[in-house]
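Understanding the architecture of this molecule
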Amino acid sequence: MTVKNKGISRRNFLKGLGAGSAAMLLPSALPAVASSSETEEIATLLDISKCIGCGECVRGCSEVNESKYPEPKKPFPVMYPTSRVEVEDWSDKRDVDDRLTPYNWLFIQSAEVEYNGTLHEINIPRRCLHCQNPPCANLCPWGAAAKQKNGITRIFDNVCLGGAKCRTVCPWHIPQRQTGVGLYMRLLPKFGGNGVMYKCDRCYNRIAEGQQPACIEVCPENVQTIGPRSEILAKAHELADKNGWFIYGEEENGGTNTIYVSPVPFDLLNRAIDKGAGKPGLQPVADSMADEETLATAVAIAPLAGIAAGIIKAGHYLSSSAKGKNNE
Ligand code: SF4
Ligand code: SF4
Ligand code: SF4
């Protein structure tokens with residue numbers, strides 16, 4: 001377990017990186033992305049050959065998204081049956097930054113890989129890939145996760161009951177649960193859900209204002225580029241063709257809006273990285289929504305949609321009246 005430096009502010013970023021880098025960190029307008037997102041989904045390109053693993057992106061994410069993190073109420077209600085749902089409490093471990101948690105939506109995976117006689121030290125920023133056909137959104141029984149027109153997939157914390165279906169069906173098991181927070185505490189504290197699921201929301205609010213996502217803005221090595229998916233893919237192929245590199249995300253899970261390019265094959269990286277809970281792999285992933293079993297699951301949960309509509313309506317009402325907060 002490693003510890004975050006929570007004290008990094010924009011001023012400290014500027015100071016730490018020096019005047020030469022400072023211009024890059026000033027609020028950067030994103031008119032091209034904002035306007036293109038009306039006609040085409042936005043995607044990010046991550047050139048991992050450039051990543052030095054400094055963690056500025058992780059700290060930047062934490063800093064700008066801190067107000068979205070859960071503030072659970074304790075003690076947690078005892079669930080019935082007690083064995084059905086496991087309590088997942090990260091509220092006392094907010095500094096964990098070596099995996100995904102409800103309080104850490106981005107982390108750096110590192111690996112040493114020998115390829116073509118050269119030892120490569122590779123750092124890989126990991127977060128939600130914002131799939132083009134996201135099973136987390138398509139299969140959430142409560143409609144709490146949704147894909148926006150611009151390609152961003154979000155989980156609405158005022159609707160989510162924390163049942164974790166999204167994590168089960170995500171090929172990388174990205175969303176992470178915090179117990180003791182959200183709608184279930186007001187509706188079914190002992191019988192339903194168990195919190196709220198959290199993940200990268202691609203800084204949707206910053207994008208809407210024409211700014212870059214924080215992790216892109218603060219990176220001193222310009223690892224990430226954001227833009228219309230067709231342009232991002234063209235850049236990825238240009239780099240791959242020119243350097244003999246490899247691409248991940250173009251086809252995975254039917255296509256994602258996060259495209260990685262790497263000087264090392266992804267199957268070697270997948271073998272080398274530390275994987276497990278909150279630490280996604282880089283395995284080949286077929287289109288899970290095209291899979292017959294997944295579609296059968298979707299059909300099986302369809303009757304819940306009517307109940308979901310009622311709960312969601314109640315949730316919106318309770319949430320807006322209790323918190324005065326609207327996340328839509
Ligand atoms: S993506 Fe950029 S900010 Fe993040 S660890 Fe890599 S070099 Fe540092
Ligand atoms: S990577 Fe997982 S959580 Fe993110 S959009 Fe795809 S299915 Fe959903
Ligand atoms: S896009 Fe925003 S929410 Fe997602 S990892 Fe980057 S900074 Fe965090």
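The present account deals with the structure reproduced in this document. (Residues numbered from 1 in each chain as written. Chains lettered and ligands numbered in written order. Predicted model: local features only at pLDDT ≥ 70, side-chain atom pairs only at ≥ 80, totals over all residues. Heavy atoms only, no water.)

**Things to note about the sheet that holds strand 8 (residues 224–228)**
Just so we agree on the cut-off: Strands are labelled as partners when DSSP assigns at least two bridges between them. Runs of H or I in DSSP of at least four residues are treated as helices and runs of E of at least two as strands, each being numbered from the N terminus. All axes here are fitted lines through C-alpha atoms, helices being fitted over the stretch that makes contact, and every angle between N-to-C directions spans 0 to 180 degrees.
Reading across the sheet, the 4 strands line up as 8-1-10-9 and stay open at both edges, with mixed pairing between neighbours. Edge strands, defined here as strands with exactly one partner in the open sheet, are strand 8 and strand 9 (246–248). If you compare each strand with its neighbour and ignore which way they point, the axes differ by 25° on average. Pairing analysis gives 4 bridges linking strand 1 (residues 42–47) to strand 10 (residues 258–262), with the strands arranged parallel. In the sheet register, Leu 45 faces strand 10, and the bridge partner there is Ile 259.

**Here we look at the site of ligand 3**
Threshold: In these notes, residues near a molecule or strand are those with any non-hydrogen atom within 4 Å of it. Lys, Arg, Asp and Glu make up the charged group, whereas Ala, Val, Leu, Ile, Met, Phe, Trp, Tyr, Cys and Pro make up the nonpolar group; the residues left over, Gly among them, are polar.
Around ligand 3 lies a shell formed by Cys 61, Asn 65, Trp 105, Leu 106, Arg 127, Cys 200, Asp 201, Arg 202, Cys 203, Pro 213, Ala 214 and Cys 215. Among the elements of the structure, helix 3 (56–65) and helix 8 (214–217) are those that each provide at least two residues to the shell around ligand 3. Split into classes, the residues belonging to the shell around ligand 3 amount to 8 nonpolar, 1 polar and 3 charged.

**Description of a nonpolar patch on the surface**
As a reminder, the rule being used: Patches draw on residues past 30% relative accessible area with no salt bridge. Two like charges within 9 Å are joined, as are two nonpolar side chains (Val, Leu, Ile, Met, Phe, Trp, Tyr) within 5 Å. Surface accessibility in these figures is a Shrake-Rupley result with a 1.4 Å probe; residues are shielded only by whichever protein chains are displayed. In what follows, salt bridge is the name for a side-chain nitrogen of Lys or Arg lying within 4 Å of a carboxyl oxygen of Asp or Glu. A 1.4 Å probe rolled over the protein chains alone gives each residue an accessible area, and that area as a share of the maximum for its type sets the label: buried under 20%, exposed over 50%, partly exposed in between.
A cluster of nonpolar side chains, Val 78, Tyr 80, Leu 188 and Phe 191, forms an exposed patch at the surface whose accessible area comes to about 390 Å². As for its placement among the helices and strands, Val 78 is situated in the loop between helix 3 and strand 2 (107–115). On the accessibility criterion, Val 78 (44% relative accessible area) is partly exposed.

**Thoughts on the site of ligand 1**
The immediate surroundings of ligand 1 are formed by 13 residues, with Cys 51, Cys 54, Gly 55, Cys 57 and Cys 219 found nearest. Its residues placed into classes, the shell around ligand 1 shows 9 nonpolar, 2 polar and 2 charged.

**Concerning helix 3**
For helix 3, the tally of buried residues reaches 8 of 10 residues, placing the bulk of the element in the interior. Residues of helix 3 that are buried: Glu 56, Cys 57, Val 58, Arg 59, Gly 60, Cys 61, Ser 62 and Asn 65.

**Looking at the nonpolar core**
Here is a general trend for soluble globular proteins: nonpolar side chains tend to be buried in one another's company. Spelled out, the test is: By convention a nonpolar core is built from buried Ala, Val, Leu, Ile, Met, Phe, Trp, Tyr and Cys residues, the set being connected through side-chain atoms within 4.5 Å. The contact criterion used throughout is that any non-hydrogen atoms of two residues lie within 4.5 Å.
In this structure, Ile 48, Ile 124, Trp 172, Tyr 248, Tyr 260 and Leu 269 are the most contacted members of the largest nonpolar core, which totals 55 residues. When residues of this core are assigned to their parent elements, the largest contribution, 4 residues, is made by strand 2. Here Tyr 248 is in contact with Leu 129, Trp 172, Thr 258, Ile 259, Tyr 260, Phe 266, Gly 281, Leu 282, Gln 283 and Val 285, once residues within four sequence places are set aside. Of all hydrophobic cores here, the second largest spans 9 residues; its members include Ile 232, Leu 233, Ile 259 and Val 261.

**Description of the pairing of strand 2**
Both strand 2 and strand 3 (residues 118–126) contribute to a ladder of 9 bridges, which runs antiparallel. Of the residues in strand 3, the one forming a bridge with Ala 111 is Ile 122. Count of turn residues in the strand 2/strand 3 antiparallel hairpin: 2 residues, of which Asn 116 carries a positive phi of about 55°.

**Overview of the environment of Gly 163**
Counting through the fold element by element, Gly 163 comes out in the loop between strand 5 (153–155) and helix 5 (165–169). For the pair Gly 163 and Trp 142, spaced 21 residues apart in sequence, the C-alpha to C-alpha distance is 9.4 Å.

**Structural notes on helix 9 (residues 229–243)**
For the record, the criterion: To estimate how far a helix should extend, the number of its residues minus one is multiplied by 1.5 Å. Here the arc refers to the directions that run from the helix axis out to each C-beta atom.
Its 15 residues place the ends of helix 9 21 Å apart at the C-alpha level, agreeing with the 21 Å of an ideal helix rising 1.5 Å per residue. Among the residues of helix 9, Arg 229, Ile 232, Leu 233, Ala 236 and Ala 240 are the ones counted as buried. Take helix 9 and look down its axis: the buried residues cluster within an arc of 95°, on one side only. The exposed set on the far side of helix 9, more than 90 degrees from its buried face, consists of Glu 238, Asp 241 and Lys 242. For helix 9, the elements touching its buried residues are strand 1, strand 8, strand 9 and strand 10. The first or second residue beyond helix 9 is Gly 244, which carries a positive phi of 70°.

Interpretation note: all reported values are geometric properties and have no functional meaning in isolation.
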